[in-house]
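Chain by chain, the residues:
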Amino acid sequence: MRGGFRNTVERLDRPSAYYLNRNNKKNRRNDRNNRDEKDGDTEMANNQQPEEPPEDPLKNATTLYVGNLSFYTTEEQVYDLFSKCGEIKRLIMGLDRFNKTPCGFCFVEYYTHQDALDCLKYVGGTKLDERIIRTDLDPGFEEGRQYGRGKSGGQVRDEYRDDFDEGRGGLGRAIQQTERLRESEKNRDSEQEMREDYGRLR
Amino acid sequence: MADYDRRQGGRGGGGYNRKRRYRDDDESDHRPQRRRYNEPPLHVRIRKQLLTLAESPLRRWHEEIQTTAHMVADNYDKEEVRTNFLELVPQIVVEQPLKTPFVAAVVLVANSLKPEVTTDVLARIAPLAEEKIKLGEWRDVKLYLKLLACLQSCLEGDGLFPVLEELFNRAVELQTSNSDDTIGTELVKIILLTIPYVMAAGSSQAQQKAADLMDKTDVIASEPHALQVLIDPHHAEKGEDSPTANSSLIGLLQKQLQNEAVNGWELKCLPRPWQMPLEEIELQEKMENAQKHPLPAIAIPETVVTGPRPLFPEIYMSVYANQEVESVPPVTNVAASLIRDGLLDTINIMDFNRNVTARYLIDVDCYFADGTFVKRATPFDRLRDIDGGRSTWKPEDVAVDAVFSQLFQLPSPEHKLVYYHSVLTEACKLAPAAIAPSLGRAIRYAYHNIHQLDLELGYRFLDWFTHHLSNFGFMWKWTEWADDVELPDIHPCKAFIIGALDKEIRLSFAQRIKGTLPPPYQVLIGPEKEQDTPDFKYNNEHTPFSAEGKELAQLLKRKATDEEIQPVIARIHAAALEQSIDPLVSSTDVFMTAICWVGSKSLSHVLACIERTKDRLLDVGAASEAARLQIITSVISYWSAQPGVAIVIIEKLLNYSIITPGAVIDWALVSGKAGPGGEALSKSWVFELVLNTVVKVTGRVRQVLTSGVADGASDTEVSAMRELFKSMDDALVSWAEGTKDQMMDPAEPMDGLGGKRVELVQRWGERWLRVFRRRSAIEEAHMLATKQ
C-alpha cells in the first residue's frame, strides 16, 4: 500500500517513522556494502537485470512492538487490553538483560495480520496501566530481542532520561549512577569529617 | 523526521550545515524571509482546499467554495489540476462524506464557469456508482448517489430519479420473492436517504417525483422486517414492549420524509452551500442558468448481490431518548436519520484514523445548516432555558449517540468494538468538558436500562465502560449507585457493578481500583483480590492429598519428567479408590491445581508449564467428561478471585484441545460449579467465558467453510457447532422456564430477595437464551449464504 493509493487523511496502521528510518539506514548501509563488493563487470551484469524490490517484511506482520509500558505492568494486563483486537498467539515481555525483570516493553503476536493492524489503529496511543503506550508493526520476534539493549540492561531510552518516571524506575540509569557516585562521595566526605570530629572529641 | 534525514544525509555538500546558513550570513544579506518559502503547486493547493472545505467553525462556506471553484475552473486546462481534481472528488465523497454537499457546491460553481468540469465529474462518478452496485458495496453506492443528488440542479430532465426508481424495482422483486430478503431493505434505505439531498438541491418540480417514489417505498418501509426482533437492542421483559419495537430505520425514515413532504421539504438541518448569500445574486443567477448535463447511464444488473458485508435491517437507537428536554433530534424528525447517517458513514469509513473521526464528532455542527444545534458544550441543564422554537440539540449528544448506536448494533458493528471505544476516548481527550457530561448521561441510560438491554450488549457496555475509565484515571461518580451495592449479587445492576470492578482490576490492580471507590464499595474488593498469587490449597495439611499436592508442585517446579510424576498420581488413584471417590477426578484436581500454582507468577509461566505437561493433560481430557470438567474447575477455583486469568488459561487449554467447547458450556451452564442455583448466569465473567468459547467455535467453522474444502472436515465442524448450540439451548431453556433441577433442588438456597429469586434467575436464562439463539441463527444464515 505504501506509495500507490493514498487516503485523504493519514492512516494510523503504517509502520512508524522510527521503523522506516532504521530500515532506510540499514538499506543504505547495505547498498553501500554491495557497491563496494561489486566491480565494474558485475555491476554491468547487474544493471541488465534490475533487482526486484525486496519484499516488505511487514507485509504480513502479525507482531507488534509495544513500548512505554510501566515496569510494573503485568502480562495479564497486556493480555486483557490487547485481546480486544483478537486472540493473542504469543506475548513476550521485554526484560532487563541482567536482572531478568520487566523493563517496559513487550512483543504481542496475533494470529492474523489484520488483528495487528487493528491494534495499531485502535490501541496504539491509548492508555494501559495509566500510561500512553506506543505500538509499532514488527517483522517478528527473534530470540535475544526480549532484552533491553541499554548499557545497564534496560532499554536505551532509560539510560539518559533526565525526567523522573516512577513507572520506569525513576531517573535515567546513567544519571542515577552518577548521582549515586556523587552521593557516596559525599557520604565518604562526611564520614571522613565525622571521623575527624570523633578524633577531636577524643 | 524530514529534518533528521537531511542532517544525516549530508547531501548539502561536505558537512555544510543548512541550519546555520542565515545566522552565518553577514548583514549585507537582505533577502526577504518570504523568499525561502516556495508556494506548493496549484494542484496541491486545490487538494488542500477541497480537503478542508467547511472544516473551519467560522463557516465561510461561500468564500471557500468560490475560491476553490475558481482555482479549478481557471486552471482546468492544466493536466495536473484536472486529473488530481477528478481523482480527488470521488475519493472525498466516499472517505469524508459529511463534506459531500460542499464538494458538490464547488462543482456547481465551477459549472457556471466551465461546464466541462461537471461533464467530467459526472463521467467519473457514474461508472464508479455502477461498479459498486455490481459489487454490492452499498455504502459506496449510497455515497456516490448522494453527490449526484446534490448535483440534481445541474442535471437534465428528472436527474437522479430514474436511477432511484430502477433501484426500487430491484427491491420490489427481491422482497416479493423472499420476505427475509435484506438487500431490498438496504436499497430502500439508500433511496430514502438520497431523496432528501435531491430535494434540498433540486427544484420544486421534483416534489411530484419524490411523492410518487415514496408512495412505492411505503409498502416495503412500513412493513416490519422478519429479522427485526432478532436484532432489537432491547430485550423487553415479559408483557412489556421494547422501547425500540417500532424503530426500524427505514420505517422511521419513510414517516419522517412524509412529514417533510407535507411541509414542503423544508429539510432544515441540511446544508445548502450552493445557495449564495444575497450579495452574490449575480453568481446565483449564473449558476441557475449554467449548462445542464445528462446523467450518464448507470446500469443496474438484473440480480443484485449482498456484497462483502452481510446485510441486516437496522434499528434506530438513542441513548438520549425520553429526556425531559430534547438534546438530540426526535425520531419523528428527519434530522435524526440524516445526521446519524452522515456520522455513521464517517465513523465507519475513518476507522484508519480515529483522531480524524473524533475531530468530525466534535465538529459535527460545521457540516449542517445554521441553527441545527445549540452552541457547543452547552450544559444539559441550560437547554431548558432556550426560547421556544430554537433547537436544543447538543452536538456532543448527537455525536456520542451515533457511536453508542454502533456499540449497541446487533448482530455486530462494522469494526471491532475496541475501535468505537477508541473513538470515544479520543473525542473525550479533544473536548473533555463537552463530551464527558454527555458520556455520563449515556452511561446512566445504559445502567438504568441494563435489565432490558440485550445481554450481549450489556456485556459490551461493561467492556466499554471499564476500558474507557482505564483511559481516564478510573474516575467515575460511583456514589450515585452506592445504594445498589446493597442489592443481591444476582440483580442486574449489582451484577454490573461486580463485573465492572473485576474488569477494572484486570486492566489495573486491586489496590488502585479500591482507591477510586467510595466506602460502600470497599467490601466488594476483598483481600483475596489484592493477593498477587492465590494460595495453594495443598499447602494446608488438612486438604486431602496435601502431601501429594506439594510433591507434584515440587516436581513441576524442577521440570521433572512424566516418569517421576506418574508414581505420585498413582498414589492418589490408589487412595481415592479406597475412599471410593473418582480416582482420575481426584488426581486431576491435584495435578491441575499444582500447575496453576507453579505457573502463578505470570501467564508465560503457566502456559510453559501446560506446554510441558500437555501430553498428560491431553490424556486426562480424553479420558472422561468428569475429568474435563475437573480441569476447568481446578483452574477456575484456583483463580476464583481473578477470573480474567482463568479465562485466558481456559482459552489456551481449548487451543490445545485438552478440553472441549462442550465441556466449557457444560461447566458454566449445567454443572452448577460456576455458582449455585443459577447464580452463574448473572456473572459477567461466566458470560465472557461462554461467549469467547462460542466465538472460537463459530470462527473456526467460518474459516473452514471459506477455505472452500468441501471435505468431511467442514461437516464435522458444522455438526459439532450445531450440537454445541443445541446443548446450550437445552440448558438455557430449563433455566428460563424454571424447570432446571437445581432450581427445584430444595438444598439450593432459593429464598431471599422477597421470593423474587426464581424470577430473576429465569430472566437471566431468557436473556442468555436470546443471545445464543441469535448467534446460532446468524451462523445458519451465514452457512446458507456461503453455500450459495
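What you see as residue numbers is a count from 1 along each chain, following the sequence as written. Labels follow written order: the first chain is A, the first ligand is 1, and so on. Local features in a predicted model are, by the rule used here, given only for residues with pLDDT of at least 70; side-chain atom pairs are given and counted only at 80 or more, and totals for whole chains, interfaces and linings are based on all residues. In computing side-chain values, all of the structure's heavy atoms are included and hydrogens and water are not.

**A word on the overall build of chain A**
For the purposes of this entry, the term helix denotes a DSSP run of H or I that reaches at least four residues, the term strand denotes a run of E that reaches at least two, and both are numbered from the N terminus. What chain A contains, in helices and strands, is five helices and six strands. Secondary structure of chain A in N-to-C order comes out as α-α-β-α-β-β-α-β-β-β-α. Per-residue burial for chain A yields a buried fraction of 42% across its 202 residues. Two residues form a contact once any of their heavy atoms are found within 4.5 Å. A separation of at least 24 residues holds for 64% of the contacts in chain A among residues at least 6 apart in sequence. In the form shown here, chain A has an accessible surface area of approximately 12,400 Å², with 48% of it arising from carbon and sulfur atoms. Type-normalised accessible area, obtained with a 1.4 Å probe on protein chains alone, sets the label of each residue: buried when under 20%, exposed when over 50%, and partly exposed for intermediate values. Using a 1.4 Å probe, accessible areas were evaluated by the Shrake-Rupley method; residue-level cover was limited to the displayed protein chains.

**What about the confidence of the model for chain A?**
Scored from 0 to 100, pLDDT records how confident the predictor is in each individual residue. Residue-level pLDDT values for chain A average 82, and 77% of them are 70 or greater. Low pLDDT, under 50, characterises residues 35-47 of chain A; the stretch is placed with two contacts to residues that sit more than four places away or in other chains.

**Considerations on the pairing of strand β3 (residues 102-110) of chain A**
Residue and element names in this part refer to chain A. Burial analysis of β3 places eight of its nine residues in the buried class, which makes it a mostly covered element. With four bridges connecting them, strand β1 (residues 63-67) and β3 associate as antiparallel partners. Following the sheet pairing, Tyr 65 is matched in β3 by Phe 107. Note on pairing: two strands pair once DSSP finds at least 2 bridges between them. The sheet contact formed by strand β2 (residues 88-95) and β3 spans six bridges and is antiparallel. Counted as the bridge partner of Arg 90 is Glu 109 from β3. Where β2 hands over to β3, the hairpin turn is made up of six residues, of which Lys 100 adopts a positive phi near 60 degrees.

**What about the sheet that holds strand β6 (residues 134-138) of chain A?**
Residues and elements named next belong to chain A. Pairing within the open sheet is antiparallel, and its four strands lie in the order β2-β3-β1-β6. Looking at which strands have only one partner, the edges of the open sheet turn out to be β2 and β6. Taking each pair of neighbouring strands and ignoring which way they run, the sheet shows an average axis angle of 25 degrees. As judged from the five bridges shared by β1 and β6, these two strands associate in the antiparallel manner. From the neighbouring strand, Thr 63 faces β6, where its bridge partner is Asp 138. Here an axis means a line fitted to C-alpha atoms, over the contact stretch when the element is a helix, while the angle between two N-to-C directions is reported on a 0 to 180 degree scale.

**A short note on the UniProt feature "domain: MIF4G-like type" (unreviewed entry) in chain B**
Feature annotation in UniProt assigns "domain: MIF4G-like type" (unreviewed entry) to the following positions: residues 329-518 and 536-780 of chain B. What you have in residues 329-518 of chain B is 57% helix and 0% strand, and the ends, taken at the C-alpha atoms, are 36 Å apart. UniProt positions are given in the numbering used here, feature names are shortened, and annotations may be inferred rather than shown by experiment.

**Quick word on the interface of chain B and chain A**
Contact with chain B, which involves 44 residues of that partner, is made by 40 residues of chain A. In this description, buried area is defined as the sum, over both parts, of the accessible area (probe of 1.4 Å) that is lost when the two are combined. Here chain B and chain A share an interface that buries about 3,600 Å² over both sides, 46% of which is from carbon and sulfur atoms. Any carboxyl oxygen of Asp or Glu that lies within 4 Å of a side-chain nitrogen of Lys or Arg is treated as forming a salt bridge with it. Between the two partners, chain B and chain A, sit eight salt bridges. Ionic pairing is found between A:Lys84 and B:Asp463, a salt bridge with its closest N-O pair at 2.8 Å. The leading source of residues in the side of chain B that touches chain A is helix α29 (residues 643-655) of chain B, at five residues.

**Overview of the pattern of salt bridges**
In a structure, side chains of opposite charge can pair up when their charged atoms sit close to one another. Scanning the entire structure with this criterion turns up 76 salt bridges over all chains. The salt bridge partner of B:Asp489 is B:Lys494, with a shortest N-O separation of 2.8 Å. Classification of B:Lys494 as buried rests on a relative accessible area of 5%. Here B:Glu766 makes a salt bridge to B:Arg763, at a shortest N to O gap of 3.3 Å. Of this pair, B:Glu766 and B:Arg763 both sit in helix α34 (residues 757-787), three residues apart, roughly one helical turn. Grouping residues by exposure puts B:Glu766 and B:Arg763 together as buried. A network of salt bridges, in which partner residues are shared, links A:Asp80, A:Lys84, B:Asp463, B:Asp502, B:Lys503, B:Arg506 and B:Glu688.

**Some words on the UniProt feature "domain: RRM" (unreviewed entry) in chain A**
According to UniProt, the "domain: RRM" (unreviewed entry) feature falls on residues 62-140 of chain A. Here residues 62-140 of chain A runs as 23% helix and 39% strand, with 7 Å between its end C-alpha atoms.

**Concerning the packing of helix α5 (residues 79-95) of chain B against helix α6 (residues 100-113) of chain B**
All names here are of chain B. Packing of α5 against α6 leaves a shortest axis separation of 9 Å and a crossing angle of 150 degrees. If you check the angle between α5 and α6, you find them roughly antiparallel. The handedness of the crossing between α5 and α6 is left-handed. Of the residues in α6, those in contact with Phe 85, Val 89, Ile 92 and Val 93 of α5 are Thr 100, Val 103, Val 106 and Val 107. Each residue receives one of three labels: charged for Asp, Glu, Lys and Arg, nonpolar for Ala, Val, Leu, Ile, Met, Phe, Trp, Tyr, Cys and Pro, and polar for the others, Gly being one of them. In the contact of α5 with α6, the residues fall into seven nonpolar, one polar and no charged. Each angle is binned into one of four classes, with values under 35 degrees roughly parallel, values over 145 roughly antiparallel, values of 65 to 115 roughly perpendicular, and all other values oblique. For any helix crossing, the convention is left-handed if the near helix is rotated counterclockwise from the far helix by under a right angle, and right-handed if that rotation is clockwise.

**Observations regarding unusual backbone geometry**
All names here are of chain B. Here the bond from Leu 410 into Pro 411 is cis, since omega is 0 degrees, no more than 30 degrees from zero. With respect to the helices, strands and loops of the structure, Pro 411 is situated in the loop between α17 (395-407) and α18 (417-430). Residue Phe 474 is not a glycine yet carries a positive backbone phi of 55 degrees. Here Phe 474 shows up in the loop between α20 (455-471) and α21 (492-507). Non-glycine residue Ser 580 carries a positive phi angle of around 45 degrees. By the element assignment, Ser 580 lies in the loop between α25 (562-578) and α26 (583-598).

**Topic: the nonpolar core**
Definition used in this section: a nonpolar core is a set of buried Ala, Val, Leu, Ile, Met, Phe, Trp, Tyr and Cys residues joined via side-chain atoms within 4.5 Å. Counting residues in each nonpolar core, the largest one holds 281 residues, and the members touching the most others are A:Phe82, B:Phe85, B:Phe465, B:Trp478 and B:Trp768. Here this core takes 13 residues from helix α10 (residues 183-201) of chain B, the largest share from any one element. Not counting residues up to four positions away in its chain, the partners in contact with B:Phe465 are B:Ile443, B:Trp476, B:Trp478, B:Trp481, B:Phe496 and B:Ala500.

**A short note on the packing of aromatic side chains**
Residues and elements named next belong to chain B. Stacked, tilted and edge-to-face are the three classes applied to pairs of Phe, Tyr and Trp rings, where Trp contributes its six-membered ring and a pair requires centres within 6.5 Å; stacked means planes under 30 degrees apart, edge-to-face means over 60, and tilted covers the rest. Following the criterion strictly, the structure yields 33 aromatic pairs over all chains and no others. Between Tyr 459 and Phe 687 the ring centres are 5.7 Å apart and the planes differ by 50 degrees, which places this aromatic pair in the tilted class. Here the residue Tyr 459 occupies a position in helix α20, and Phe 687 occupies one in helix α31 (residues 684-706), the gap between them amounting to 228 residues. Per residue, the accessibility class of Tyr 459 equals that of Phe 687, and both read buried. Between Phe 465 and Trp 476, the ring centres sit 5.7 Å apart and the planes meet at 90 degrees, which makes this aromatic pair edge-to-face. With a gap of eleven residues between them, Phe 465 in helix α20 and Trp 476 in the loop between α20 and α21 connect regions that are remote in the sequence. Each member of the pair, Phe 465 as well as Trp 476, is classed as buried. Within the aromatic cluster, the residues linked to one another by ring pairs are Phe 404, Phe 408, Tyr 447, Phe 461, Trp 464, Phe 465, Trp 476, Trp 478, Trp 481, Phe 496 and Tyr 521.

**Details of the packing of α31(B) against helix α32 (residues 712-737) of chain B**
Residue and element names in this part refer to chain B. Two numbers describe how α31 lies on α32: the axes approach to 9 Å, and their chain directions differ by 155 degrees. On the basis of their axis angle, the class for α31 and α32 is roughly antiparallel. The handedness of the crossing between α31 and α32 is left-handed. Along its contact with α31, which presents Val 690, Val 694, Val 697, Thr 698, Arg 700, Val 701, Val 704 and Leu 705, the element α32 presents Ala 713, Ser 714, Glu 717, Val 718, Met 721, Leu 724, Phe 725 and Met 728.

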